[in-house]
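One letter stands for each residue in the lines below.
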Amino acid sequence: MIDRRLITNFDWTLFGIVLVVCAVGVVNIYSASASYTIVGTPFFVKQLYWIVAGLLLVVVVCSIDYHLLEDVSYWFYGLLCFLLLVVLVVGKTSMGATRWLHLGFFSIQPSEPMKIVAIMVLARFFSNYSTAGGLTLKDLAYPALFIGVPAALIMKQPDLGTAILVILIACSMFAYVGVRLSAFVACLVSAIPAVYLAWHYYLRDYQKNRILNFLDPERDPLSSGYHIIQSKIAIGSGGVLGKGFMQGTQAQLRFLPEQHTDFAFSVFGEEWGFVGCLVLLLLYLFLIFWGLHIASRCNDRFGSLMAVGVTAMLFWHIVINIGMVIGIFPVVGVPLPLFSYGGTSMITSMVGVAILLNISMRRFMF
Amino acid sequence: MNGQRFIHDNYGSKRQLVVLSIFAAALFFLLLTRLWYLQIVKSEELHSQSESNRLRLVPVAASRGTIFDRNGAVLVTNRPSFSVAVIPQEVRDRDALLERLSRYLEIDRAELLDKWEKGKGRARYYPIVLASGITRDQLEVLEENRLWLPGVEIEMKPVRQYEDGTLAAHLLGYIGEVSDEDLKKDAASGYNSGDYIGKSGIERSWEKLLHGRDGGRQIEVDARGRVLRTISETPPAVGSSLVLTIDTALQKQAEKAFGEQAGAAVVMDVNTGEILAMVSNPGFDPALFAGRMPPDKWKEYLEDKRHPLENKALKGQYPPGSTFKIITALAGLEEGLIDERSSSYCKGAYVLGRNTFRCWEKKGHGTVDLKRALKESCDVYFYQLGEKLGINRIAAYARKFALGAPLGVGLENEKGGLIPDSAWKEKRYGKKWLQGDTLPAAIGQGYVLMTPIQLAAMIGAVANDGTVYRPHLVKRVIDQEGRVIREFKPEVVARTSISPRSFRLVKEGLLAVVNEGGGTGGQARLYDVRVAGKTGTSQVVKQRDKRGAIPYQYRDHALFVAFAPYDRPEIAVAVVVEHGEHGGSAAAPIARSILRTYFERKSSAAKPAGAGSSPTGGDEKHGTGGNGRENANPAPQEEE
């Protein structure tokens with residue numbers, strides 16, 4: 001069933017980078033959560049479980065020819081849109097947002113798989129679509145609708161970060177397919193009133209506050225702006241070489257918020273300094289380039305588009321998360337893929353990696 | 001599979017991937033630039049911020065120095081005081097908590113809320129003090145109910161303990177939390193909000209030495225402000241202690257002698273200027289200023305017409321009345337205008353131009369020489385002498401006694417009194433000095449003003465034949481082990497260069513005041529010690545008819561200055577009884593009581609225990625005591 005060529009063509013480079021990043025992440029989580037009073041399994045051990053689970057998922061996903069995804073992508077899309085609607089109606093509310101859906105024995109967060117499915121549905125759409133000379137505004141109508149519906153539902157939860165990610169992933173794929181200048185300009189122009197309307201009618205107060213605090217962190221130094229300030233202090237105080245493993249005072253004395261999840265990079269920056277950050281960023285950049293490399297050497301449009309989409313997903317997570325903790329983007333609650341603690345994030349990232357591996361190992365199939 | 005779906009020949013897509021790669025690299029470069037800015041450019045600044053995040057300096061107040069009297073008895077020391085503070089971030093239900101605290105502490109809820117609101121905006125997890133100086137009973141109630149008071153902390157800090165309650169309150173002064181205004185001034189540099197600082201008296205003047213050097217503990221805290229460990233510690237340096245010149249027993253007796261009367265007394269060693277007692281009556285309770293001053297008590301202090309908060313010994317300026325005749329007499333003797341044989345005739349009043357200046361004795365004294373003029377305080381004698389001297393010569397002699405300017409006792413807001421002369425009147429009122437102004441000045445009325453401390457310094461200088469010592473309160477500064485850090489030697493403010501003969505003649509008159517029949521100061525007489533003194537009555541308002549009941553605030557002030565023993569003077573006493581009316585009857589007995597205590601203590605110290613009763617014990621109602629009355633004459637001006 002599994003072709004021998006698939007084993008020989010397995011992309012060890014990509015797999016290796018992913019394992020290195022995961023390992024650095026686990027070490028970092030160990031330090032970040034050292035000051036916590038832990039009841040039960042420590043976070044870094046749980047993260048290891050998630051990595052193992054993710055790797056099992058990689059094996060499963062890799063064993064299925066990704067072309068099969070092409071056929072089911074619309075079905076998946078329809079199902080997830082339905083689940084997003086259900087979440088809004090009966091979902092579980094935690095910390096002011098309704099994101100989780102309880103399905104008897106387990107809970108899911110439909111917005112997470114939606115990122116992957118959005119990539120699938122767009123890849124499916126463009127793979128059968130003639131795009132000579134670039135996409136016109138009319139060509140963008142259906143894809144925009146595909147993305148707009150789930151993005152609006154996710155924002156309603158409200159989960160601004162994921163909604164923005166879905167839109168950015170889609171835009172990256174549009175850019176790959178090629179957009180005509182006229183359509184690009186039209187999009188930009190129409191974005192202005194859209195942002196205006198979103199600000200006044202759609203965003204919640206806490207979301208607006210996050211954005212305002214990002215623009216002016218001193219505005220409210222003791223509540224939401226506090227996170228950004230403390231994070232910048234942590235990273236900056238690390239200097240060139242960092243304070244050393246387990247030696248970050250900001251992290252160990254818990255001045256950082258959510259320091260094992262969204263702000264894991266702050267802990268890393270404080271303890272490993274500029275050199276550590278540079279190495280981690282280069283690893284990520286290599287991962288991105290490799291993803292685009294997979295896209296470029298893939299022989300079919302669906303696979304290539306999927307590879308770009310998944311790479312874009314990883315890329316935007318990385319840029320937004322790091323940008324957030326170093327204070328150049330607003331705090332939107334996006335984890336650093338493969339690095340932050342968290343099962344959901346790990347599974348989504350691993351599925352993305354699996355799709356890349358899948359495409360990479362089947363590049364000679366046609 | 002449809003051939004259309006393959007892109008290996010699609011050049012456009014390959015180019016797009018290059019664009020995407022460049023875009024990705026550019027954004028990563030942006031992140032790196034920012035990291036470089038934070039971790040290399042701003043690293044130092046952010047590192048120090050991370051340090052100040054985790055490190056907190058907790059001040060440790062130095063224990064304040066003790067204040068002793070001249071015999072080593074403790075006057076002021078320290079005791080622990082408890083205050084209630086709250087950490088707002090740890091309180092869930094503020095209203096319920098305030099309700100409870102208000103009930104336990106019996107403090108108005110609004111007052112607690114006010115303190116809470118004012119304390120906001122400080123560092124996170126920083127305790128806000130809601131009530132300080134709580135009683136032991138309240139402390140017990142709080143401890144018992146600790147469970148119901150989450151976020152509430154009890155803090156302990158040392159406060160002043162006044163061993164004798166209100167004794168010498170003005171002189172010792174009080175401490176209180178440093179005010180916001182003081183913090184802005186250089187005077188309070190090194191102080192933080194909430195620190196205690198001397199606010200008046202010795203506590204204020206000697207703040208630097210008494211305070212000591214506060215220490216501090218550098219502690220590491222986590223984001224919730226919980227203390228993790230002490231990183232470094234600077235122990236506080238205990239403040240220096242002061243040994244005062246005050247004699248507690250004498251001070252107590254002097255305060256007791258005043259009773260309910262308002263006034264001031266100063267007891268001074270005539271050979272050193274050491275102040276043995278300094279009274280300003282009524283007093284106040286200095287302990288109330290360090291804790292929570294009960295509002296009704298505060299109101300009582302402010303509304304009392306006798307001004308209990310003011311140190312009258314230094315700030316009270318009174319017309320010296322007939323005590324000033326000493327100066328006029330010395331001036332006349334030195335200028336050769338009078339001698340022991342010259343005399344004047346007093347027919348009860350003296351007419352100058354169109355004005356009549358009355359003697360307090362309406363019947364007149366008849367022919368009086370200097371000794372009798374002093375003894376019976378004849379006003380006419382001194383009117384005539386004053387007329388011959390003129391104001392500028394009187395003022396010059398007054399200034400030989402350093403009058404008209406503060407003596408530099410070393411406490412805040414000491415007043416200088418006033419010695420008027422023609423130039424002064426010209427400058428102050430733009431009017432010429434008239435001979436009619438000189439006559440009241442010659443008997444210490446009119447414009448002349450002196451403080452009780454100046455009265456004491458003056459009579460002290462008369463006693464020692466002309467040396468004005470600086471009155472002082474601190475004998476020495478000692479450290480915690482009792483080692484002397486600084487010793488204060490007598491300091492001369494002025495030497496009068498008046499001849500011993502003039503002093504002898506005046507002092508003979510002063511001896512007669514107390515010890516001869518007809519003298520105005522008979523009530524100051526002691527059995528075995530010869531006391532010399534001078535009575536004085538200073539006019540509060542001009543009032544021709546003084547018969548009948550005069551309202552308290554319009555009654556004359558009673559003054560008495562004295563020194564003893566006559567032959568070898570040791571101490572000088574000045575007493576002012578506000579609205580006491582007659583120096584001889586109101587002030588002299590207080591002076592006598594002080595002098596008696598002094599000499600009793602001296603003889604019992606010289607004759608150790610078992611040597612029998614004090615020889616001064618039986619001198620009550622000895623001699624005729626004189627009439628003890630004299631009246632100030634109407635002067636053309638009104639005084640305070």
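These notes cover the structure that comes with them. (Residues numbered from 1 in each chain as written. Chains lettered and ligands numbered in written order. Predicted model: local features only at pLDDT ≥ 70, side-chain atom pairs only at ≥ 80, totals over all residues. Heavy atoms only, no water.)

Considerations on the overall build of chain A
And step 1. When helices and strands are counted, chain A shows 14 helices and three strands.
And step 2. In chain A, the proportion of contacts linking residues at least 24 apart, taken out of those at least 6 apart, comes to 75%.
And step 3. Approximately 15100 Å² of chain A is accessible, and the part contributed by carbon and sulfur atoms is 71%. (Helix = DSSP H or I, 4+ residues; strand = E, 2+ residues; numbered from the N terminus. Contact = heavy atoms within 4.5 Å. Areas by Shrake-Rupley, 256 points an atom, 1.4 Å probe, with all protein chains shown as cover.)

Here we look at the state of the cysteines
Residue and element names in this part refer to chain B.
And step 1. Under the definition given, this model contains zero disulfides over all chains.
And step 2. Looking at Cys346, it has no disulfide partner, and the nearest cysteine sulfur is the one in Cys378, 3.7 Å off.
And step 3. Residue Cys346 is classed as buried on the basis of its relative accessible area of 1%. (Disulfide = S-S within 2.5 Å. Buried < 20%, exposed > 50% of the residue type's maximum accessible area, 1.4 Å probe, protein only.)

Let's talk about unusual backbone geometry
Residues and elements named next belong to chain B.
And step 1. Across the junction of Asn281 and Pro282, the peptide omega takes the value -5 degrees, indicating a cis bond.
And step 2. At the junction of Ala564 and Pro565, the peptide bond is cis and its omega measures out at -10 degrees in the coordinates.
And step 3. Secondary-structure assignment places Pro565 in the loop between β22 (557–564) and β23 (571–577).
And step 4. Residues other than glycine seldom take positive phi values, yet Asp465 does so here, at roughly 65 degrees.
And step 5. The class for Asp465 is partly exposed, based on a relative accessible area of 36%.

Observations concerning the sheet that holds strand β12 (residues 275–281) of chain B
Residues and elements named next belong to chain B.
And step 1. Reading across the sheet, the five strands line up as β12-β11-β23-β22-β21 and stay open at both edges, with antiparallel pairing between neighbours. The outermost strands of the open sheet, each flanked by one partner alone, are β12 and β21 (532–538). Shown here is a sheet whose adjacent strand axes are inclined to one another by a mean of 5 degrees, direction ignored.
And step 2. Where β22 meets β23, seven bridges bridge the pair, whose relative direction is antiparallel. Paired with Phe560 across the two strands is Val575, which belongs to β23.
And step 3. Packing against the sheet, helix α10 (residues 248–258) makes contact with β11 (263–269), β12 and β23, and its axis sits at approximately 30 degrees to β12.
And step 4. Its contacts with the sheet put helix α22 (residues 583–606) on β11, β12, β21, β22 and β23, and the angle it makes with β22 is roughly 30 degrees. (Pairing = 2+ DSSP bridges. Axes fitted to C-alpha atoms, helices over the stretch in contact; angles between N-to-C directions.)

Focus on the pattern of salt bridges
And step 1. Summed over the entire model, instances satisfying the criterion amount to 36 salt bridges over all chains.
And step 2. Residues participating in the shared-partner salt-bridge network are Lys371, Arg372, Lys375, Glu376 and Glu516 of chain B. (Salt bridge = Lys/Arg side-chain N within 4 Å of Asp/Glu carboxyl O.)

A short note on the interface of chain B and chain A
And step 1. Counting residues at the interface gives 40 residues for chain B and 55 residues for chain A.
And step 2. Between chain B and chain A lies a buried interface of about 4100 Å² when both sides are counted; carbon and sulfur atoms form 72% of it.
And step 3. Joining chain B to chain A, the criterion identifies zero salt bridges.
And step 4. Linking chain B with chain A are seven residue pairs in polar contact (both at pLDDT 80 or more).
And step 5. Every element with two or more residues in the side of chain B that touches chain A is listed here: α1 (11–41), α2 (43–54) and β8 (215–221) of chain B.
And step 6. Ranked by residues supplied to the side of chain B that touches chain A, first place goes to α1 of chain B with 20 residues.
And step 7. Looking at the side of chain B that touches chain A residue by residue, the classes come out as 21 nonpolar, twelve polar and seven charged. (Buried area = accessible area lost by both parts, 1.4 Å probe. Polar contact = N/O pair within 3.5 Å; in protein donor to acceptor, adjacent residues only side chain to side chain. Nonpolar A, V, L, I, M, F, W, Y, C, P; charged D, E, K, R; others polar.)

Examining the packing of aromatic side chains
And step 1. Overall, the coordinates contain 37 aromatic pairs over all chains when judged by the stated rule.
And step 2. Look at Phe126 of chain A and Phe174 of chain A: their rings are 5.9 Å apart centre to centre, the planes differ by 85 degrees, and that puts the pair in the edge-to-face class. Here Phe126 of chain A, found in helix α5 (residues 111–127), pairs with Phe174 of chain A, found in helix α7 (residues 160–177); they are 48 residues apart in sequence, far enough to count as distant. Assigned by exposure class, Phe126 of chain A and Phe174 of chain A land together as buried.
And step 3. On the basis of an interplanar angle of 90 degrees and a centroid distance of 4.9 Å, the ring pair of Tyr598 of chain B and Phe599 of chain B is categorised as edge-to-face. Phe599 of chain B shares its class with Tyr598 of chain B; the two are buried.
And step 4. Each member of the aromatic cluster is reached from another via a ring pair, and the members are Tyr74, Tyr77, Phe125, Phe126, Tyr129, Tyr142, Phe146 and Phe174 of chain A.
And step 5. When the ring centre of Trp116 of chain B is taken as reference, the NZ or CZ atom of Arg94 of chain B above it lies at 5.5 Å.
And step 6. Positioned above the aromatic ring of Tyr429 of chain B, the side-chain terminus of Arg428 of chain B is 4.9 Å from the ring centre. (Phe/Tyr/Trp six-rings, centres within 6.5 Å; stacked < 30°, edge-to-face > 60°. Lys NZ or Arg CZ within 6 Å of the ring centre and 35° of its normal.)

A short note on the pairing of strand β18 (residues 474–478) of chain B
Along a regular strand, successive side chains alternate from one face of the sheet to the other.
Residues and elements named next belong to chain B.
And step 1. The element β18 is largely enclosed, with a buried count of four among its five residues.
And step 2. Bridge count for strand β10 (residues 241–244) against β18 is four bridges, and the pairing is antiparallel. What sits directly across from Leu242, in β18, is Val477.
And step 3. In terms of strand pairing, β18 meets strand β19 (residues 484–487) through three bridges, oriented antiparallel. If you follow Arg476 over to β19, its bridge partner there is Glu487.
And step 4. Between β18 and β19, which pair antiparallel and follow one another directly, the connecting turn spans five residues, one of which, Gly482, has a positive phi of 90 degrees.

A word on the packing of helix α3 (residues 94–105) of chain B against helix α4 (residues 109–119) of chain B
Residues and elements named next belong to chain B.
And step 1. Here α3 crosses α4 at 125 degrees, and the two axes come no closer than 9 Å. Judged on the interaxial angle alone, α4 and α3 are oblique. Crossing angle aside, the handedness with which α3 passes α4 is right-handed. Facing α3, whose interface residues are Arg94, Asp95, Leu97, Leu98, Glu99, Leu101 and Ser102, α4 presents Arg109, Leu112, Leu113, Trp116 and Glu117.
And step 2. In the contact of α3 with α4, the residues fall into six nonpolar, one polar and five charged. (Parallel < 35°, antiparallel > 145°, perpendicular 65-115°, else oblique. Left-handed = near helix turned anticlockwise from the far one by under 90°.)

Digging into the packing of α3 of chain B against helix α5 (residues 136–144) of chain B
All names here are of chain B.
And step 1. Taken N-terminus to C-terminus, the directions of α3 and α5 make an angle of 145 degrees; their axes are 9 Å apart at the nearest point. Pair α3 / α5 crosses with right-handed handedness. Mapping the contact onto sequence places Leu101, Tyr104 and Leu105 in α3 and Gln138, Val141 and Leu142 in α5.

Concerning the environment of Leu256 of chain A
Residue and element names in this part refer to chain A.
And step 1. Checked against the element boundaries, Leu256 lands in the loop between α11 (249–252) and α12 (264–297).
And step 2. Distance in space between the C-alpha atoms of Leu256 and Gln230 is 5.9 Å, their sequence separation being 26 residues.
And step 3. Excluding its chain neighbours within four sequence positions, the residues that come into contact with Leu256 are Gln230, Ser231, Ala234, Gln250, Ala251, Ser266 and Val267.

Here we look at a nonpolar patch on the surface
And step 1. A grouping of Val240, Leu241, Val275 and Val279 of chain A together with Trp36, Tyr37, Ile40 and Val41 of chain B is seen on the molecular surface, where their side chains present a nonpolar patch of about 720 Å² in accessible area.
And step 2. Elements that contribute at least two residues to the nonpolar patch include exactly α12 of chain A together with α1 of chain B.
And step 3. Looking at which element gives the most residues to the nonpolar patch, the answer is α1 of chain B, with four residues.
And step 4. Considering the arrangement of structural elements, one finds Val275 of chain A in helix α12.
And step 5. Residue classification places Val275 of chain A among the partly exposed residues on the basis of a relative accessible area of 39%. (Patch = residues over 30% accessible without salt bridge, like charges linked within 9 Å, V, L, I, M, F, W, Y side chains within 5 Å.)

A closer look at the environment of Gly509 of chain B
All names here are of chain B.
And step 1. Looking at the element boundaries, Gly509 is found in helix α21 (residues 500–515).
And step 2. Sequence spacing of Gly509 and Lys371 is 138 residues, and the spatial spacing of their C-alpha atoms is 4.3 Å.
And step 3. If near-sequence neighbours (up to four positions away) are discounted, Gly509 is found in contact with Lys371, Leu374 and Lys375.

Some details on the nonpolar core
And step 1. Counting residues in hydrophobic clusters, the biggest one holds 118 residues, and the most contacted among them are Phe265, Tyr284, Met306 and Ile326 of chain A together with Phe28 and Leu35 of chain B.
And step 2. Three or more residues apiece are contributed to this core by two domains, here domain 1 (1–61 + 204–366) and domain 2 (64–174) of chain A.
And step 3. In contact with Phe28 of chain B, other than residues within four places in its own chain, are Leu281, Tyr284, Leu285, Ile288, Phe315, Ile318 and Val319 of chain A. (Core = buried A, V, L, I, M, F, W, Y, C linked by side-chain atoms within 4.5 Å. Domains from an automatic or database assignment.)

Quick notes on the sheet that holds strand β9 (residues 227–234) of chain B
Residue and element names in this part refer to chain B.
And step 1. Spatially, β1-β8-β9 is the arrangement adopted by the three strands of the open sheet, whose pairing is antiparallel. Both edges of this open sheet fall to β1 (55–60) and β9, since each of them pairs with a single strand only. Direction aside, neighbouring strands of the sheet carry axes that sit 30 degrees apart on average.
And step 2. Strands in contact with α2 are β1, β8 and β9; relative to β1, the strand with the most contacts, it is inclined by about 50 degrees.

Re α5 of chain B
Residues and elements named next belong to chain B.
And step 1. Every buried residue of α5 is listed here: Gln138, Leu139 and Leu142. Taken end-on, α5 shows its buried residues confined to a sector of 100 degrees, consistent with a single buried face. Seen from the buried face of α5, the exposed residues on the opposite side, beyond 90 degrees, are Arg136, Asp137 and Glu144.
And step 2. Residues of α5 that are buried make contact with β3 (74–86), α3, β4 (128–134) and β5 (152–162). (Arc of directions from axis to C-beta.)

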